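One-letter residues, chain by chain:
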Amino acid sequence: DAGALTQFRIWALRALSGDFGNSLRFDRPAAELILAALPTTLALAAMALAAGMALGIGLATAAALWPRSAFPALVEALNLWSIALPTFCVGLAAILVFSVWLGWLPVIGQWLSPVLILAIDNAGQIAKPLHEDLKEATTASHIRTARAKGLSPARIVLRHLLPNALTTVVALGGLILAGMIGGALTMEVLFGLPGLGTLAYQAISGRDYPVIQAVVLVFAAGVVLVNWL
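Residues numbered from 1 in each chain as written. Predicted model: local features only at pLDDT ≥ 70, side-chain atom pairs only at ≥ 80, totals over all residues. Heavy atoms only, no water.

Q: Account for the packing of aromatic side chains, naming residues and giving values.
A: Applying the stated criterion across every chain, the model contains 3 aromatic pairs. Each ring, one from Phe98 and one from Trp104, has its centre 6.0 Å from the other, and the planes form 35 degrees; the classification is tilted. (Phe/Tyr/Trp six-rings, centres within 6.5 Å; stacked < 30°, edge-to-face > 60°.)

See the structure below:
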């Protein structure tokens, strides 16, 4: 009705200026809460993406250099991991094994487990398509010429194949970063990190609608921005 449209117009105009209203639970501006939690989420996503890309590129390159080794099988295994295992299940298993059974890591406030879990998940999504690109590129004419000139397999992969195939990694990195938001939220809640995931969970649990709206809008804007870039 007209009243609802008027309310939405007022909220949208205020949101454009950074005013998302006050939190019903914390009695503070929602924008202030988001700004306080955002660095944790960005740091977790950046570390996991960087580690995942390094691991994925390294495994795909090793699988291309040594096709008869265990590396191609490891690439397949990581790809299956990323498809079949939700991050929250792996996170719960990590807490059970490393924190409860072995007592190696604290449950709350630790970064190692969430970063590794998200990095391995990212590596599985990167290594498989990159490995396929590298295998397909080995049949190109310039690669046959490089072999005829006596270049070593390592130099062929690192100097001629990998730079061209990295365009796939760049495209995948944007999609993975957008899709990793859900995983980062889950990891924050499981391991007690004070990021946007924990803030969203607290807001949903307490029916803090201004904060929920603000968090959803920030994440949606982030996904659109990453895909656009």
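Q: Summarise the nonpolar core; cite the residues concerned and give the values.
A: In terms of nonpolar packing, the biggest core is built from 31 residues, with Leu44, Leu118, Leu130, Leu134, Met187 and Phe191 touching the most fellow members. The element best represented in this core is helix α7 (residues 153-191), accounting for 13 residues. Here Phe191 is in contact with Gly91, Ile95, Val107, Ile108, Gly109, Gln110, Ser113, Pro114 and Ile117, once residues within four sequence places are set aside. The next biggest cluster of nonpolar side chains, apart from the first, holds 16 residues, and it includes Phe20, Ala37, Ala203 and Val215. (Core = buried A, V, L, I, M, F, W, Y, C linked by side-chain atoms within 4.5 Å. Buried < 20%, exposed > 50% of the residue type's maximum accessible area, 1.4 Å probe, protein only. Helix = DSSP H or I, 4+ residues; strand = E, 2+ residues; numbered from the N terminus. Contact = heavy atoms within 4.5 Å.)

Q: A description of a nonpolar patch on the surface should follow, citing residues and the corresponding values.
A: Residues Leu96, Phe98, Val100, Trp101, Leu102 and Trp104 make up a contiguous nonpolar surface patch of roughly 680 Å² in combined accessible area. By the secondary structure assignment, Val100 is in helix α4 (residues 87-101). (Patch = residues over 30% accessible without salt bridge, like charges linked within 9 Å, V, L, I, M, F, W, Y side chains within 5 Å. Areas by Shrake-Rupley, 256 points an atom, 1.4 Å probe, with all protein chains shown as cover. Salt bridge = Lys/Arg side-chain N within 4 Å of Asp/Glu carboxyl O.)

Q: Which residues make up the environment of Val100, and what values go with them?
A: On the accessibility criterion, Val100 (53% relative accessible area) is exposed. Counting along the chain gives 22 residues from Val100 to Asn122, while the straight-line C-alpha distance between them is 26 Å.

Q: Could you give an account of the layout of surface pockets, naming the residues involved and the relevant values?
A: As a volume, the largest pocket reaches approximately 300 Å³. Around the largest pocket, the lining comprises 16 residues; the ones closest to its centre are Thr41, Leu42, Ile181, Phe219 and Gly222. Elements represented by at least two residues in the lining of the largest pocket include exactly α2 (30-65), α7 and α9 (209-228). Approximately 230 Å³ is the volume found for the second largest pocket. Around the second largest pocket, the lining comprises 15 residues; the ones closest to its centre are Ala64, Leu65, Thr138, Arg147 and Val157. Among the secondary structure elements, those contributing two or more residues to the lining of the second largest pocket are α2, α5 (112-137) and α7. Per-element accounting of the lining of the second largest pocket gives the leading share, 4 residues, to α7. Across the lining of the second largest pocket, the residue classes tally to 10 nonpolar, 3 polar and 2 charged. (1 Å grid on protein atoms, 1.4 Å probe; cavity = no way out; pocket = protein on both sides within 12 Å on 5 of 7 lines; lining within 4 Å. Points joined across faces, edges and corners; volume = space filled by probe spheres on them. Nonpolar A, V, L, I, M, F, W, Y, C, P; charged D, E, K, R; others polar.)

Q: A description of the side chain of Ser23 should follow, citing residues and the corresponding values.
A: Within the secondary structure, Ser23 sits in the loop between α1 (2-16) and α2. Side-chain polar atoms of Ser23 contact the side chain of Asp208, separated by 2.4 Å. In this structure Ser23 touches Arg28, Ala30, Leu33, Asp208 and Val211, once residues within four positions along its chain are discounted. (Polar contact = N/O pair within 3.5 Å; in protein donor to acceptor, adjacent residues only side chain to side chain.)

Q: Would you mind going over the pattern of salt bridges in detail, with residue names and values included?
A: Following the criterion strictly, the structure yields 3 salt bridges and no others. Notably, a salt bridge pairs Lys128 with Glu76, separated by 2.3 Å at the nearest N-O pair. In this pair, Lys128 sits in helix α5 while Glu76 sits in helix α3 (residues 71-84), placing the two residues 52 residues apart along the sequence. The class of Glu76 is partly exposed, set by a relative accessible area of 34%. Several salt bridges converge on common partners, so that one network encompasses Glu76, Lys128 and Glu132.

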